[in-house]
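One letter stands for each residue in the lines below.
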Amino acid sequence: LSVEFDSMSASSLSPQQVFVEESKQLFRFPPSKIQVLLLEKVHPEGAAIFRESGFQVTEATRAYTEEELLAIIPTVHAIGIRSKTQLTAPVLAAARRLLCAGCFCIGTDQVNLAAATEHGIPVFNSPYGNTRSVSELVLAEIIMLARQAADRSMELHQGTWKKTADGCFEVRGKVLGLVGYGHVGSQLSIIAEALGMQVIFYDIVPKLALGTAKPVPTLAALLQRADFVSLHVPADAGTRGMIGAAEIAQMRPGSYLINASRGNVVDVDAAAAALKSSHLAGAAFDVFPSEPAGTCKDFASALQGCPNTILTPHIGGSTEEAQAAIGKEVAQKMVDFINRGPTVGAVNVPNVPATRRLADGHTRVLNFHRNQPGVLRDINRILSGANIVAQTLDTGFGIGYLIVDVEQQETSEEINESFKKMDASIRTRVLYSGNQA
């Protein structure tokens, strides 16, 4: 899997030098020199996009441990993961050839984004790909909870016929409270309203209400009004433990709680207590504070055995349609970055487009650098002697990203060498015309 260098061995170079020396040659080599590692059963349509570009693809159906990643990541140019593999700071520090990483899902909290930014590694995801799948699952759970259908099904599997209408309701006219009105929340809002539900939502960022949905000013106001509370928030410091015993106590007696966002958003012990006391009439959980890396038969949760409680193993986005869409979207973003340099859609570096095709004989220089005083002066000095065809620079996340197209190949080599010597430089890569650029 290693790429050979012309004049210096990898062991004699710093990680940044290894990246620069290799990158300078990568696009003179066949695309098969680029090694892609896809973990956790990334959809075949995503893998196909890498292979169509000529890259070498290694696939695994499970998550890798940190130890396994540390052993293989030094030889990998692009890595694709889903929700279980953790790209930690030590793994990213060891990823001396890694050009980019892809999260084939919505969330990116399984990646140390600060470390990725520090090393100039863009991280791509698919913020919309499984929106419909998650929304449909939640809507199904709302109806199943209202009819206590999961308990009736379990009873029949055990041989008990229990036909009852007690505590069973239509969802028409009921109030659905959405905590978070992003892609999933707003999609769920539309299809729930089509069933005749009244929709209210709370979000920390002002959002345009769709249909007849109405925002409420506080989380407490939503909890006190909603018959069904559905959570659609990211995992961050502000959402960790946001639904605990105090918040559940504010919910209407006989209401329902649904969590298809992140496992650490809800205190599951408090939820289990509320279910057993009948303060909550039911709940559905698709995410949990601690989740196995793969199939297991010893999963344990305080929610097990609670009445009218639907538990699913993080399958909200697990449909063929969602995984295919995610696979194609994330893979294409990664291939575009490797071949042409655009970072549009990355979550941790400035989003810079690269729509211009390189003409014959032209080269493209890509540079990540720390955004610090004097860096723009140094960049202008380095580029002052070149005939620039196009140049784009943007900053964010504490770094800058530069894409510059140069007429003469020899000039691009000089620019490359000068960027390597610039104190603020993180990574530099040169793309040559005629090779997918």
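Definitions and cut-offs
- Residues numbered from 1 in each chain as written.
- Predicted model: local features only at pLDDT ≥ 70, side-chain atom pairs only at ≥ 80, totals over all residues.
- Heavy atoms only, no water.
- Pairing = 2+ DSSP bridges.
- Helix = DSSP H or I, 4+ residues; strand = E, 2+ residues; numbered from the N terminus.
- Polar contact = N/O pair within 3.5 Å; in protein donor to acceptor, adjacent residues only side chain to side chain.
- Contact = heavy atoms within 4.5 Å.
- Axes fitted to C-alpha atoms, helices over the stretch in contact; angles between N-to-C directions.
- Patch = residues over 30% accessible without salt bridge, like charges linked within 9 Å, V, L, I, M, F, W, Y side chains within 5 Å.
- Areas by Shrake-Rupley, 256 points an atom, 1.4 Å probe, with all protein chains shown as cover.
- Salt bridge = Lys/Arg side-chain N within 4 Å of Asp/Glu carboxyl O.
- Buried < 20%, exposed > 50% of the residue type's maximum accessible area, 1.4 Å probe, protein only.
- Phe/Tyr/Trp six-rings, centres within 6.5 Å; stacked < 30°, edge-to-face > 60°.
- Lys NZ or Arg CZ within 6 Å of the ring centre and 35° of its normal.
- pLDDT = per-residue confidence, 0-100.

It is not clear to me how the sheet that holds strand β9 (residues 228-231) should be interpreted in this structure. Could you clarify?
Each strand in a sheet pairs with another by means of backbone hydrogen bonds, the pair being arranged parallel or else antiparallel. Spatial strand order, β8-β7-β6-β9-β10-β11-β12: 7 strands in an open sheet with parallel pairing. Where the open sheet ends on each side, the last strands, each with one partner, are β8 (214-215) and β12 (309-311). Pairing between β9 and strand β10 (residues 255-259): 4 bridges, direction parallel. Across the sheet, the residue bridging to Leu-231 is Asn-259, located in β10.

Got a minute to help me understand the side chain of Asp-227 in this structure?
Note on placement: Asp-227 falls in the loop between α9 (219-225) and β9. From its side chain, Asp-227 meets the backbone nitrogen of Val-175 in a polar contact 2.7 Å long. When near neighbours in sequence (up to four residues on either side) are disregarded, Asp-227 contacts Lys-174, Val-175, Arg-252, Ser-255 and Tyr-256.

Where do I start with unusual backbone geometry in this structure?
With the exception of glycine, the majority of residues adopt a negative phi angle, and the majority of peptide bonds are in the trans configuration. Its identity as a non-glycine residue notwithstanding, Lys-41 has a phi of 60 degrees, on the positive side. With respect to the helices and strands, Lys-41 occurs in the loop between β1 (35-38) and α2 (44-52). Positive phi, normally seen in glycine, also occurs at Ser-278, with a value near 75 degrees. Within the element layout of this structure, Ser-278 appears in the loop between α11 (268-276) and β11 (280-285).

Looking at this model, I keep getting lost on the sheet that holds strand β5 (residues 123-124). Mind explaining?
The 5 strands lie next to each other as β2-β1-β3-β4-β5, forming an open sheet whose pairing is parallel. For this open sheet the edge positions go to β2 (56-59) and β5, each flanked by a neighbour on one side alone. By the bridge criterion, 2 bridges tie strand β4 (residues 100-103) to β5 in an arrangement that is parallel. Residue Ala-101 lies in a different strand from β5, and its bridge partner there is Val-123. Where α2 meets the sheet, it contacts β1 and β2, and its direction lies at approximately 155 degrees from that of β2. Where helix α12 (residues 320-340) meets the sheet, its contacts fall on β3 (78-81), β4 and β5, and the angle it forms with β4 comes to roughly 170 degrees.

Any chance you could explain a nonpolar patch on the surface here in plain terms?
A contiguous nonpolar surface patch, about 290 Å² in accessible area, is contributed by Ile-190, Leu-208 and Leu-210. For Ile-190, a relative accessible area of 44% corresponds to the partly exposed category.

Sorry if this is basic, but what is going on with the packing of aromatic side chains here?
We describe a pair of aromatic rings using the distance from one ring centre to the other and the angle between the two ring planes. Taken as a whole and judged by the stated rule, the model has 5 aromatic pairs. Taken together, a centroid distance of 4.2 Å and an interplanar angle of 20 degrees make the contact between Phe-368 and Tyr-401 stacked. Taken together, the positions of Phe-368 in strand β13 (residues 363-370) and Tyr-401 in strand β15 (residues 399-406) put the pair 33 residues apart, joining distant regions of the chain. The two residues Phe-368 and Tyr-401 agree in class, both being buried. Lying over the aromatic face of Phe-337, Arg-429 brings its terminal NZ or CZ to 4.9 Å of the ring centre.

Looking at this model, I keep getting lost on the confidence of the model for the protein. Mind explaining?
Do not read the fine detail of predicted coordinates wherever pLDDT is low. Across the protein, the average pLDDT comes to 90, with 92% of residues at 70 or higher. When the criterion is pLDDT under 50, residues 1-27 qualifies, and its contacts beyond four places in sequence or with other chains add up to 61 contacts.

Got a minute to help me understand the pattern of salt bridges in this structure?
Any two side chains of opposite charge can pair if their charged atoms end up close together. Applying the stated criterion to the full structure yields 15 salt bridges. A salt bridge links Arg-62 to Glu-68; the nearest nitrogen and oxygen atoms lie 2.7 Å apart. Across the salt bridge formed by Arg-152 and Glu-155, the nearest N and O atoms sit 2.8 Å from each other. Pair noted here: Arg-152 and Glu-155 are both in helix α7 (residues 149-157), with a separation of 3 residues, about one helical turn. Each member of the pair Arg-152 and Glu-155 is classed as buried.

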